[in-house]
Amino acid sequence: MNRTKIAVIGGGPAGLAAAIEAKKAGEDSILVLERDRCLGGILNQCIHNGFGLHTFKEELTGPEYAQRFIDQVRELEIPCRLGTMVMSIAMAEDGSSDKIVTYLNHEEGLVQLRAEAVILAMGCRERPRGALNIPGFRPAGIYTAGTAQKLVNIDGFMPGRSVVILGSGDIGLIMARRMTLEGAKVQAVAELMPYSGGLKRNIVQCLDDFGIPLKLSHTVVNIEGKERVKAVTIAKVDERNKPIPGTEERFECDTLLLSCGLLPENELTSGLGAVISPVTRGPEVNESLETSIPGVFACGNVLHVHDLVDFVSQEAAQAGRNAARFVQGQAGETPTPDIRVTAENGVRYTVPEIINPGRMEDTLTLRFRVGAVYQDIYESVYVNDRRILHRKKKIAAPGEMETVVIKKDSFDQAGEVKSITVRLEEE
Amino acid sequence: MEKRELTCIGCPMGCQITVTLEDGEVKSVEGNTCLKGDKYARAEVTNPVRVVTSSVPAVGGEIGQVSVKTAGDIPKGCIFDVMEALRAVSVQAPVRIGDVVLADVCGTGVDVIATKNVELKAR
């Protein structure tokens, strides 16, 4: 059986940053397994700019951002297997904490790889039509926004000429601009919620710049066309998301793009038996970004869906460091009990979900999302009854991930840690 | 007197800003709640600029398209001219990030450069 110390599942932004950091932490035995024929993951098709402002202090396009990490992987001589599909991850049957990664590719066939640690970095996928319950026919011309993005940017193929977009996630907004620049007519973007899930910058620069209307609180109520999309009808919805009769608006078009959310891709994680959060749909992790299975770490969109790749890179680097520490036997025993972080009062979830104060580094980044749009709100972190962080935010919205950094010494002052709570407060 | 309505992109607030112009000169900026908004609004009404990104065919490449961008800001009004100019462009693989794909696009003084490495297709 082949062996490696650390197996990294996925060669996108998360997998690359994790592998680089594990190598820098002194771990030489690393193998990156990537399904596609090239590294870089989704960044390859994200040809727009705006990546890397936090990491490199300049605005890069997706492929440029990816290349900076690919170059480092090459310089550090980290081996990568491309065109490689991981079929399963399972615990070794000899009672050790090793994992058996089963993968498949053209050169080696079916391979079983024994790894001491695994970093999950499989990313996410788009919610497809089948998961949306849109009424109407099922003709050609209905794509997820990301599929259309790959067709236009990588394959040089325009999927349609006259377009309606459902969902105002960032990929949908980016594709509204991209299709317009390539000569298509984008007639409207319909969004079920009363606010957009996309970044403000994208609404202005992808829709407003081109006069594309954003229809908030609207959804698709009919798709016409037997062979090919002929028309799409949208309608306004009430506060319970039910279409309001009489508000229908019909657009003759040949294409409907769907940008209705991203789902972490965790089939391998579930197969391994790791605990999955019902909120993030990613594995639950502790302060080391380790899942409920010791030695299995997670980062990037497979853990929870991010808005900015810079934060993926940061998170993945932490996972890589901790995986290296694990295989080098430095993870240490668990000195204090695990504490489950309580997310309440507008905070939908936190990552990590579990903190062991004894294993915390000097600072810990807590990422979370809020459940609605809040103005002039305070983000607070409590240890027991003591408030250790209180920060004013002019605005917090579901479309933008929130980040707070908590310090280990503020824990020390609180005495024995019994609870950790993250909540929004009005004052 | 001309009034222009803008949505600020400085943060998720997205303040609705009204700029009043007289003879192309900014007389007032209202609706913003911070300095970032004031700065954005003034730049946006006097000299709006964008970076344009697209992709062009990469002849003989392992993938068919190479992504490109304007190496710097171009006037917002030139976006469709740049796209039109790019329609006539293709490059020969291999291509490296930073290679000039189209120099001085539309007389803006800005080059269009490759943003992706595309290797020659293996035989």
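Residues numbered from 1 in each chain as written. Chains lettered and ligands numbered in written order. Predicted model: local features only at pLDDT ≥ 70, side-chain atom pairs only at ≥ 80, totals over all residues.

Caption draft 1: Structural detail: the overall build of chain B. Of regular secondary structure, chain B possesses 2 helices and 10 strands. Listing every helix and strand of chain B by position from the N terminus yields β-β-β-α-β-β-β-β-α-β-β-β. Taken against the 2.2 N^0.38 rule, which gives 14 Å for 123 residues, the C-alpha radius of gyration of chain B at 19 Å runs more than 25% over that of a compact globule. With the C-alpha coordinates aligned to their principal axes, the bounding extent of chain B is approximately 60 × 30 × 15 Å. (Helix = DSSP H or I, 4+ residues; strand = E, 2+ residues; numbered from the N terminus. Rg over C-alpha atoms; globule rule 2.2 N^0.38 Å.)

Caption draft 2: Just unusual backbone geometry, in detail. Here valine 351 of chain A and proline 352 of chain A are connected by a cis peptide whose omega angle stands at 0°. Residue proline 94 of chain B is bonded to the preceding alanine 93 of chain B through a cis peptide linkage, with omega at 0°. With respect to the helices and strands, the residue proline 94 of chain B is situated in the loop between strand S8 (91-92) and strand S9 (100-102). Within the chain, aspartate 376 of chain A stands out as a residue other than glycine whose phi angle is a positive 45°. Tracing the chain through its elements places aspartate 376 of chain A in strand S24 (residues 374-383).

Caption draft 3: View of the sheet that holds strand S26 (residues 402-407) of chain A. Residues and elements named next belong to chain A. Strand order in the open sheet formed by 3 strands is S21-S23-S26, with antiparallel pairing between adjacent strands. Of all strands in the sheet, those bounded by a partner on one side alone are strand S21 (347-351) and S26. Adjacent strand axes in the sheet meet at a mean angle of 30° when their direction is disregarded. By the bridge criterion, 6 bridges tie strand S23 (residues 363-370) to S26 in an arrangement that is antiparallel. Across the sheet, the residue bridging to leucine 364 is isoleucine 406, located in S26. (Pairing = 2+ DSSP bridges. Axes fitted to C-alpha atoms, helices over the stretch in contact; angles between N-to-C directions.)

Caption draft 4: Structural detail: the packing of helix H4 (residues 170-181) of chain A against helix H5 (residues 200-207) of chain A. Residue and element names in this part refer to chain A. Contact geometry of H4 with H5 gives a least axis separation of 8 Å together with a crossing angle of 20°. The angle between H4 and H5 falls in the class roughly parallel. Taken as a pair, H4 and H5 cross one another with a handedness that is left-handed. Contact residues: H4 offers Asp170, Leu173, Ile174, Ala176 and Arg177, while H5 offers Asn202, Ile203, Cys206 and Leu207. Looking at side-chain class alone, the contact of H4 with H5 contains 6 nonpolar, 1 polar and 2 charged residues. (Parallel < 35°, antiparallel > 145°, perpendicular 65-115°, else oblique. Left-handed = near helix turned anticlockwise from the far one by under 90°. Contact = placed C-beta atoms within 7 Å. Nonpolar A, V, L, I, M, F, W, Y, C, P; charged D, E, K, R; others polar.)

Caption draft 5: Focus on the sheet that holds strand S6 (residues 65-70) of chain B. All names here are of chain B. Read across the sheet, 5 strands follow the order S8-S5-S6-S10-S9 without closing on themselves; strand pairing throughout is mixed. The open sheet has two edge strands with one neighbour each: S8 and S9. Bridge analysis of S9 against strand S10 (residues 112-114) gives 2 bridges, and the strand direction is antiparallel. Residue pairing across strands places valine 100 opposite isoleucine 113, the latter belonging to S10.

Caption draft 6: Just the domain arrangement of chain B, in detail. Segmentation of chain B into domains returns domain 1 (2-47) and domain 2 (53-114). The C-alpha-based centres of domain 1 of chain B and domain 2 of chain B are spaced at 31 Å. (Domains from an automatic or database assignment.)

Caption draft 7: Up close: helix H7 (residues 309-327) of chain A. All names here are of chain A. If you check H7, its first and last C-alpha atoms are 27 Å apart, about what 19 residues at 1.5 Å a residue would give, namely 27 Å. With respect to burial, H7 is a largely interior element, 14 of its 19 residues being buried. Backbone geometry just after H7 places glycine 329 at a positive phi near 75°. (Expected span 1.5 Å × (residues − 1). Buried ≥ 20, exposed ≤ 12 C-beta atoms within 10 Å, placed from the backbone.)

Caption draft 8: The arrangement of the nonpolar core in detail. Residues and elements named next belong to chain A. Ranked by size, the top nonpolar core spans 64 residues in total, and within it Val8, Ile9, Ala18, Ile119, Ala121 and Cys299 carry the most contacts. Ranked by residue count, the leading element in this core is H7, at 8 residues. Membership of the second largest hydrophobic core comes to 37 residues, among which are Leu173, Met175, Leu207 and Val229. (Core = buried A, V, L, I, M, F, W, Y, C linked by C-beta atoms within 7 Å.)

Caption draft 9: Inspection of the pairing of strand S11 (residues 162-166) of chain A at higher detail. Residues and elements named next belong to chain A. In terms of burial, S11 is a largely internal element, 4 of the 5 residues being buried. Relative to strand S12 (residues 185-191), S11 runs parallel, the two sharing 5 bridges. The residue bridging valine 164 from the neighbouring strand is alanine 188, located in S12. Handedness of the S11-H4-S12 crossover: right-handed. (Right-handed = clockwise from strand over helix to strand, strands pointing away.)

Caption draft 10: Molecular detail of the environment of alanine 114 of chain B. Residue and element names in this part refer to chain B. Examined against the element boundaries, alanine 114 turns out to sit in strand S10. Take alanine 114: there are 23 C-beta atoms within 10 Å of it, and that puts it in the buried class. Setting aside residues up to four positions removed in sequence, alanine 114 forms contacts with Val66, Val68, Val95, Arg96, Ile97, Gly98, Asp99 and Val101.

Caption draft 11: Here's a closer look at helix H2 (residues 62-75) of chain A. If you check H2 of chain A, its first and last C-alpha atoms are 20 Å apart, about what 14 residues at 1.5 Å a residue would give, namely 20 Å. In the segment just after H2 of chain A, glutamate 77 of chain A is the residue with positive phi, at about 55°.

Caption draft 12: Quick peek at the pairing of strand S20 (residues 339-344) of chain A. Residues and elements named next belong to chain A. Across 2 bridges, S20 lies against strand S22 (residues 354-355) in antiparallel orientation. Counterpart to isoleucine 339 in the pairing with S22 is isoleucine 355. The pairing of S20 with strand S27 (residues 420-425) spans 4 bridges and is classified as parallel. Considered in S27, the bridge of alanine 343 is made with valine 422.

Caption draft 13: Representation of the interface of chain B and chain A in the model. In this complex, chain B contributes 22 residues to the contact, which on the side of chain A involves 21 residues. Elements that contribute at least two residues to the side of chain B that touches chain A include exactly strand S5 (53-59) and S6 of chain B. Of all the elements, S5 of chain B adds the most residues to the side of chain B that touches chain A, at 4 residues. The class makeup of the residues in the side of chain B that touches chain A is 9 nonpolar, 10 polar and 3 charged.

Caption draft 14: Spatial organisation of the packing of helix H1 (residues 13-24) of chain A against H2 of chain A. Residue and element names in this part refer to chain A. Two elements in contact, H1 and H2, have axes separated by 10 Å at closest approach and are oriented at 35°. As for how H1 packs across H2, the hand of that crossing is left-handed. Two secondary-structure elements touch here, H1 through Pro13, Leu16, Ala17, Ala19 and Ile20 and H2 through Ala66, Phe69, Ile70, Gln72 and Val73. Each residue belonging to the contact of H1 with H2 can be placed in one class, and the counts come to 9 nonpolar, 1 polar and no charged.

Caption draft 15: Highlighting the confidence of the model for chain B. Residues and elements named next belong to chain B. When the pLDDT values of chain B are averaged, the result is 92; 99% of them are 70 or greater. Across chain B, S10 holds the top mean pLDDT of 98, while strand S1 (residues 2-7) sits lowest at 88. Scored as a complex, the prediction yields pTM 0.94 and ipTM 0.90. (pLDDT = per-residue confidence, 0-100.)

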